[in-house]
Amino acid sequence: MLKMINNPVPWPDGARVAVCISFDIDADSILHLAHPDKAHRMAAAQSFLRYDRISVKRIVDMFDHFGIRQTFFFPAWCMETYPDLVEYILKSGHEIAHHGYIHESPNEQLCAEDEHHWLERGIETIERMTGQRPRGWRAPVYHFSEHSADLLVKEGFLYDASLMGDDVPYVLRAKSGEIVELPSHWGLDDWPQYTYLPELGARMPTKAPDEAMAVFWAEFEAQWKHGGLWVAVWHPSVSGRLARCDRIASMIEDMIEKGDVWFATMEEIARHVQSCREAGTWQPVVEDMPVSSRPLPGATFRPRTE
Ligand SMILES: [Zn+2]
């Protein structure tokens, strides 16, 4: 067979692919961040996002039905605002991971010191509400900064889930040490498939669930074939809507029927690849972070202004 991944991971029990259907529970944090002065007056947009109150429980029940445990990323503000969702998720043994405080952007809104402050603030909330420190982090809107890798290592994180640089896990090497990267990409994100929410500048034509799933499933088939990692980056207010969630249940059935699929939390995947690396059975690509700490020299390229 034509080999497309140079270092496929030896997944547990001979599985062909590791799957994590991860959900980011942003709720209305993103509306308050985008419109601090008027978010409280935007009732319809709020209700769109606060649909998480309904769909998170639906998603947890669906995972429970299939007997799989997955990972939910939370801005800490959302955990504090919707504590019943946290309890519901924990009761079924799913992982809760860090997704900022109120979905702030590390590389657009924060200096290194502020990024560290809000990272610590989220760690405190997760520790207080779940009984353990977070093992993983996903930057809000993938806005990983030049300081993120180093801060995550300093705070003892096991993995990051914000980047898109490989088909299999890889390793980020920062000043203070290393961290496992569990990559995904925009092709596995539900926002471009479905989201029409003009208040947040999202104007995607809404696709039928079958059409969106064709995109996600093509990625799954290829990862299954070549021994990769399939991480969905979905949102309860988007993919947890009834027709879409119903379609996800059929997708999970199809995955189970296909076989050799390892459904796991992000933590389990990160621990597995770490142990393979220690045992010498697998070698990740290692990337120094930040890749670059300053813009390219001005002379490299200048567009003509006429
Ligand atoms: Zn998010």
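It should be emphasised that the depicted structure is a prediction, and the values quoted were computed from it without experimental measurement.

A. The overall build of the protein chain, seen in detail. Within the protein chain, the secondary structure is distributed over 12 helices and 12 strands. Against the compact-globule benchmark of 19 Å for 306 residues, the protein chain has a radius of gyration of 19 Å, which places it among compact chains. For the C-alpha atoms alone, the extent of the protein chain along its principal axes is close to 55 × 55 × 50 Å. By the burial criterion, 42% of the 306 residues in the protein chain qualify as buried.

B. Representation of the packing of helix α10 (residues 209–226) against helix α11 (residues 242–258) in the model. Running from N to C, α10 and α11 point in directions that differ by 25°, and their axes come no closer than 11 Å. For the element pair α10 / α11, the angle class is roughly parallel. The element α10 and its partner α11 pack so that their crossing is right-handed. Where α10 abuts α11, its residues Pro-209, Asp-210, Met-213, Trp-217 and Trp-224 lie against Ala-243, Arg-244, Arg-247, Met-251 and Lys-258. Split by residue class, the contact of α10 with α11 holds six nonpolar, no polar and four charged.

C. Inspection of unusual backbone geometry at higher detail. In the segment running from Met-289 into Pro-290, the intervening peptide bond is cis, with an omega of -5°. Phi at Asp-13 takes a positive value of approximately 55°, unusual for a residue other than glycine. Despite not being glycine, Asp-260 has its phi angle at roughly 55°, a positive value. On the basis of neighbour count, Asp-260 is assigned to the exposed category, with 12 C-beta atoms found within 10 Å.

D. Representation of the nonpolar core within the structure. Membership of the largest hydrophobic core comes to 68 residues, with the highest contact counts inside it found for Ala-18, Val-19, Ile-25, Leu-182, Val-231 and Ile-269. Residue contacts for Ile-25: discarding those within four places in its chain leaves Asp-52, Val-56, Phe-72, Phe-73, Phe-74, Cys-78, Leu-85 and Pro-236.

E. Structural context of helix α12 (residues 266–279). Relative to the 20 Å expected for 14 residues at 1.5 Å per residue, α12 spans 20 Å between its end C-alpha atoms, a close match to the ideal helical length. All of the buried residues along α12 are Met-266, Ile-269, Ala-270, His-272 and Val-273. Looking straight down α12, one finds that the buried residues subtend no more than 160° of arc, so they occupy a single side. Seen from the buried face of α12, the exposed residues on the opposite side, beyond 90 degrees, are Ser-275, Glu-278 and Ala-279. Where α12 ends, the next residue or the one after it, Gly-280, has phi of about 80°, a positive value.

About the thresholds
Residues numbered from 1 in each chain as written. Predicted model: local features only at pLDDT ≥ 70, side-chain atom pairs only at ≥ 80, totals over all residues. Helix = DSSP H or I, 4+ residues; strand = E, 2+ residues; numbered from the N terminus. Rg over C-alpha atoms; globule rule 2.2 N^0.38 Å. Buried ≥ 20, exposed ≤ 12 C-beta atoms within 10 Å, placed from the backbone. Axes fitted to C-alpha atoms, helices over the stretch in contact; angles between N-to-C directions. Parallel < 35°, antiparallel > 145°, perpendicular 65-115°, else oblique. Left-handed = near helix turned anticlockwise from the far one by under 90°. Contact = placed C-beta atoms within 7 Å. Nonpolar A, V, L, I, M, F, W, Y, C, P; charged D, E, K, R; others polar. Core = buried A, V, L, I, M, F, W, Y, C linked by C-beta atoms within 7 Å. Expected span 1.5 Å × (residues − 1). Arc of directions from axis to C-beta.

That's the geometry; what it means functionally is another story.
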